[in-house]
Amino acid sequence: MPKSREIHLVARPNGMPAQADFALVETQVPDAADGEVLVENLYMSVDPAMRPRLTAGQDLNVAMMGGALGRVVQSKNPDFAVGDLVSNRNGFREFFTSDGKGLTKLVSDPDLPLTVHMHALGMTGFTAYGGLLHIGQLKDGEQVFVSTAAGAVGSVAAQIAKIKGCYVVGSTGAADKAAWLKDEVGLDAVINYKETPIRKALEDATPKGIDVYFDNVGGDHLEAALRRINTLGRIPVCGFISGYNSGHSSVSNLSNIIYSRVMLRGFVGTDFLHLHGQFLSDMAGWLKEGKVKYQETILDGVANAPSALIGLMEGRNSGKMLVKLAE
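Residues numbered from 1 in each chain as written. Predicted model: local features only at pLDDT ≥ 70, side-chain atom pairs only at ≥ 80, totals over all residues. Heavy atoms only, no water.

Chemist: Honestly, the side chain of N88 in this entry has me stumped. Any pointers?
Modeler: Within the secondary structure layout, N88 lies in strand β5 (residues 85-88). Overall, the relative accessible area of 5% leaves N88 in the buried class. Engagement of the side chain of N88 in a polar contact is seen with the backbone nitrogen of N90, the distance being 2.7 Å. With sequence-adjacent residues up to four places away left out, N88 is seen in contact with N41, G66, G67, A68, L69, G70, F96, G102 and L103. (Helix = DSSP H or I, 4+ residues; strand = E, 2+ residues; numbered from the N terminus. Buried < 20%, exposed > 50% of the residue type's maximum accessible area, 1.4 Å probe, protein only. Polar contact = N/O pair within 3.5 Å; in protein donor to acceptor, adjacent residues only side chain to side chain. Contact = heavy atoms within 4.5 Å.)

In structure tokens form, the structure reads like this:
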């Protein structure tokens, strides 16, 4: 019966989450009973989509939920063996027991770091892949704009567009991230929206307009993109980070959707599960060939999970934000 530390939400954030909204709690986790497994989490994911659930959806004073990668350390379930790697939604804790529901076995690629299964080769990458190719209906050689292009999802979406021969513009809010996108990733144009107003910068960067805008931001980025969108353009909406803390995000020119006959659609990764096998094959190949590059920000220990979430919302991460829970 191991001891486990876990993170509880103890107060609803008012705007930006604060350390006082969370508590580190130590618990005793029971050993695996018949039909169960005991899992030790190795890494947990921190994602922008966690923020809305802090306002509504995440219960108070219980362990928070989130994506994680763990290892089975006890098993009385015939479907799992000790040592199996399993992806799960029981992040924000070190250990948990399960009857196997919600656990997915992971066969790691020996030629790739384990952590890529938490981003580029995991649900993050799959969200970018399906959002761009299936929801956004990307065609080779099109004009593409990706917001938060240095983030975990945005960076993959931008690089897939480059692989498809597109002209790609990315936005970010930091000089070092802009340099990485330009020099390492090879985007055609990069906008630092904290240095240049997004509306003017996007106009200058898209002389042929925009066919697909992969939206992670909403707000002023969506408004600027709608001014540049081409007829029959597509806008897959992956996130709305500009409104996650305030609860609102204004856009004044939504009528452009009508006049330019724009498809604007929100989505989640489960909308295109039929593509998952092809995604795994494509992404593993792109990673090994160096066609998809990535960055990771990894904090150590479950006690730092709130800091990771706050840091993500403040833009202090480079690429995927992870918390390492065990070796």
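Chemist: Would you mind showing me how to read the pattern of salt bridges here?
Modeler: Pairing between side chains becomes possible if they bear opposite charge and their charged atoms approach one another. Tallied over the entire structure, the rule returns 13 salt bridges. Notably, a salt bridge pairs K105 with D84, separated by 3.7 Å at the nearest N-O pair. Here K105, found in strand β7 (residues 104-106), pairs with D84, found in the loop between β4 (68-75) and β5; they are 21 residues apart in sequence, far enough to count as distant. Given a relative accessible area of 19%, D84 falls into the buried group. Where D188 meets K162, a salt bridge forms, and the shortest distance between an N and an O atom there is 3.0 Å. One end of the pair, D188, is in the loop between α4 (175-185) and β10 (189-192); the other, K162, is in helix α3 (residues 152-163), and 26 residues separate them in sequence. Look at D188 and you get partly exposed, because its relative accessible area is 30%. K162 gets classed as partly exposed once you look at its relative accessible area, which sits at 28%. Among the ionic contacts, a cluster of salt bridges with common partners joins D109, D111 and K288. (Salt bridge = Lys/Arg side-chain N within 4 Å of Asp/Glu carboxyl O.)

Chemist: Before we go on, may I ask you to explain the packing of helix α2 (residues 123-135) against helix α8 (residues 276-288) in this structure?
Modeler: When two helices pack together, you describe them by how their axes are tilted relative to each other and by the distance separating the axes. Remark: α2 packs on α8, axes separated minimally by 10 Å, with the N-to-C direction vectors making an angle of 105°. What the angle tells us is that α2 and α8 run roughly perpendicular. In contact with G125, F126 and Y129 of α2, α8 contributes H276, Q278, F279, D282 and W286. A class-by-class count of the residues in the contact of α2 with α8 yields 4 nonpolar, 3 polar and 1 charged. (Axes fitted to C-alpha atoms, helices over the stretch in contact; angles between N-to-C directions. Parallel < 35°, antiparallel > 145°, perpendicular 65-115°, else oblique. Nonpolar A, V, L, I, M, F, W, Y, C, P; charged D, E, K, R; others polar.)

Chemist: I tried to follow the nonpolar core on my own but got confused; where do I start?
Modeler: In globular proteins that are soluble, nonpolar side chains generally tend to be buried together. Counting residues in hydrophobic clusters, the biggest one holds 36 residues, and the most contacted among them are V144, M283 and L287. When residues of this core are traced back to their parent elements, those giving at least two are α2, β8 (143-146), α3, α4, β11 (210-214) and α8. By residue number, the principal contributor to this core is α3, which donates 6 residues. Once residues lying within four places of it in the same chain are set aside, the contact partners of L287 are L112, V116, A120, L121, V292 and Y294. With 20 residues, the next largest nonpolar core counts A189, I198, A201 and L222 among its residues. (Core = buried A, V, L, I, M, F, W, Y, C linked by side-chain atoms within 4.5 Å.)

Chemist: How should I be thinking about the sheet that holds β8 in this particular structure?
Modeler: To summarise the sheet geometry, strands pair through backbone hydrogen bonds and adopt either a parallel or an antiparallel arrangement. The sheet built from 6 strands is open, its strands ordered β10-β9-β8-β11-β12-β13 with parallel pairing. Strands at the two margins of the open sheet, each flanked by one partner only, are β10 and β13 (263-266). The sheet shows a mean angle of 15° between the axes of neighbouring strands, taken without regard to direction. Bridge count for β11 against strand β12 (residues 229-237) is 2 bridges, and the pairing is parallel. (Pairing = 2+ DSSP bridges.)

Chemist: What am I meant to see in helix α9 (residues 305-313) here?
Modeler: For an α-helix, the turn length of 3.6 residues means that residues three or four places apart are oriented alike. Buried residues dominate α9, accounting for 8 of its 9 residues. Those residues of α9 lying buried are A305, P306, A308, L309, I310, G311, L312 and M313. Count one or two residues on from α9 and you reach G315, which has phi positive near 75°.

Chemist: Got a minute to help me understand the packing of aromatic side chains in this structure?
Modeler: The geometry of an aromatic ring pair is captured by the separation of the ring centres together with the interplanar angle, meaning the angle of the planes. One pass over the structure, following the stated rule, counts 7 aromatic pairs. Centre to centre, the rings of F126 and F272 are 5.1 Å apart; their planes meet at 75°, and the pair counts as edge-to-face. Of the two residues, F126 is situated in helix α2 and F272 in the loop between β13 and α8; the sequence distance between them amounts to 146 residues. Across the pair, F272 and F126 agree in class, each one buried. Aromatic side chains F267 and F272 sit 6.0 Å apart centroid to centroid with 45° between the ring planes, which places their arrangement in the tilted category. (Phe/Tyr/Trp six-rings, centres within 6.5 Å; stacked < 30°, edge-to-face > 60°.)

Chemist: I would appreciate a short explanation of the environment of A303 in the present structure.
Modeler: Here A303 shows up in the loop between β14 (296-300) and α9. C-alpha separation for the pair A303 and G165, spaced 138 residues apart in sequence, amounts to 43 Å. With residues near it in sequence (within four places) discarded, A303 still touches R5, I7 and L24.

Chemist: So what exactly am I meant to see when it comes to the environment of H134 here?
Modeler: Along the chain, H134 turns up in helix α2. The class of H134 is partly exposed, set by a relative accessible area of 32%. C-alpha of H134 to C-alpha of D111: the two residues are 23 residues apart in sequence and 28 Å apart in space. Ignoring any residue separated from it by four or fewer positions in sequence, one finds H134 in contact with Y129, D271, F272, H274 and L275.

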